[in-house]
Amino acid sequence: MLPETRRKGAKFPMDVMEAIRTRHSVRSYADKPVEDAKLEAVLEAGRLAPSAKNMQEWRFVVVRDPETRQKLIAAAKNQAFVGEAPVVIACCAENADYVMSCGQLSYPIDVAISIDHMTLKAVEEGLGTCWIGSFYEDQVKAILGIPKKTRVVEMLTLGYPKPGETGRPKSRLDMKEIVHWEKWGGTK
């Protein structure tokens, strides 16, 4: 059985499609710490993600210290909400060399899948997140003591959204604009 969500008005338990539809980037956080149990549940969702050859190359640096989070603001190109969020997770990859038979590096794909699992679990827990792809990797590594060979793929802010924080409106392309049937350009 899925754990019950803590959001007002949400179904109990929350289903995956509701979490997908509800999730949005949060850039304004309440001054409220994230409980250990909720943080660990979010990290567990990331740990359970699939990966190429089950390599599980993701590694996470969880930052709660306010001074360290303030340093990460500059490394994240002065995005102030990075320091406002009570938790920042540096989402890293230890093995950055494996190329899948399709020609793609596995680590950015695998880490992204793991992050997406975490963002959806965060919604279920009543938390907000924002993917941070605009940052200086060398600065993040220096601040967090991340080894040279390890890649910082993304950072993820995590916390309770400020009341009234609804995110930016989402517009999505129509299915017929993105889905090709049987071959490129094929229709249903």
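Being a predicted model, the structure only gives us computed values, none of them experimental.

A. Inspection of the nonpolar core at higher detail. Grouped together as the largest cluster of nonpolar side chains are 22 residues, with contacts concentrated most on Leu39, Ile89, Cys91, Val111, Met118, Leu127 and Leu158. If you list the elements that add at least two residues to this core, you get helix H2 (36-47), strand E2 (87-93), helix H5 (106-124) and strand E4 (151-159). Sorting elements by how many residues they give to this core places H5 first, with five residues. If we skip the residues at most four places from it in the chain, Leu39 touches Val34, Val62, Arg64, Val87, Ile89 and Leu158. Residues Val63, Cys130, Val140 and Met155 belong to the second largest nonpolar core, which totals 20 residues.

B. Seen up close, the confidence of the model for the chain. On average, residues of the chain score 92 in pLDDT, and 93% of them reach the 70 mark or higher. Low pLDDT, under 50, characterises residues 1-7; the predicted model gives this stretch 23 contacts beyond four residues in sequence or across chains.

C. Highlighting the sheet that holds E4. An order of E1-E2-E4-E3 is seen for the four strands of this open sheet, with the pairing classed as antiparallel. This sheet does not close on itself; its edge strands, each paired only once, are strand E1 (58-63) and strand E3 (128-132). Between one strand axis and the next, the sheet turns by 25 degrees as a mean value, whatever way the strands run. Where E3 and E4 come together, five bridges link them in antiparallel fashion. Bridge assignment links Gly128 to a residue of E4, and that residue is Gly159. Relative to E4, H5 is tilted by about 5 degrees, and along the sheet it contacts E1, E2, E3 and E4. Strands E1, E2 and E4 of the sheet are contacted by helix H6 (residues 137-144), whose axis makes an angle of about 70 degrees with E4.

D. H2, seen in detail. Between the first and last C-alpha of H2 there are 16 Å, a value that for twelve residues agrees with the 16 Å anticipated at 1.5 Å per step. Every buried residue belonging to H2 is among Lys38, Leu39, Val42, Leu43, Ala45 and Gly46, and all of these are buried. Projected down its long axis, H2 carries its buried residues within an arc of 150 degrees, all on one side. Opposite the buried face of H2, at more than 90 degrees from it, the exposed residues are Ala37 and Glu40. Buried-residue contacts for H2 involve E1, E2, H5 and E4.

E. Representation of the packing of aromatic side chains. Tallied over the full model, the rule gives zero aromatic pairs. Over the ring of Tyr160 we find Lys32, and its NZ or CZ is 4.0 Å from the ring centre.

F. Representation of the pattern of salt bridges. Applying the stated criterion across every chain yields a total of eight salt bridges. The salt bridge partner of Glu137 is Lys141, with a shortest N-O separation of 3.9 Å. Here the residue Glu137 and the residue Lys141 both occupy positions in helix H6, the gap between them amounting to four residues, near one helical turn. The salt bridge involving Arg151 is made with Glu137; its shortest N-O contact spans 2.9 Å. One end of the pair, Arg151, is in strand E4; the other, Glu137, is in helix H6, and 14 residues separate them in sequence. When salt bridges that share partners are traced, they join Lys121, Glu124 and Glu125 into one network.

Rules behind the numbers
Residues numbered from 1 in each chain as written. Predicted model: local features only at pLDDT ≥ 70, side-chain atom pairs only at ≥ 80, totals over all residues. Heavy atoms only, no water. Core = buried A, V, L, I, M, F, W, Y, C linked by side-chain atoms within 4.5 Å. Buried < 20%, exposed > 50% of the residue type's maximum accessible area, 1.4 Å probe, protein only. Helix = DSSP H or I, 4+ residues; strand = E, 2+ residues; numbered from the N terminus. Contact = heavy atoms within 4.5 Å. pLDDT = per-residue confidence, 0-100. Pairing = 2+ DSSP bridges. Axes fitted to C-alpha atoms, helices over the stretch in contact; angles between N-to-C directions. Expected span 1.5 Å × (residues − 1). Arc of directions from axis to C-beta. Phe/Tyr/Trp six-rings, centres within 6.5 Å; stacked < 30°, edge-to-face > 60°. Lys NZ or Arg CZ within 6 Å of the ring centre and 35° of its normal. Salt bridge = Lys/Arg side-chain N within 4 Å of Asp/Glu carboxyl O.

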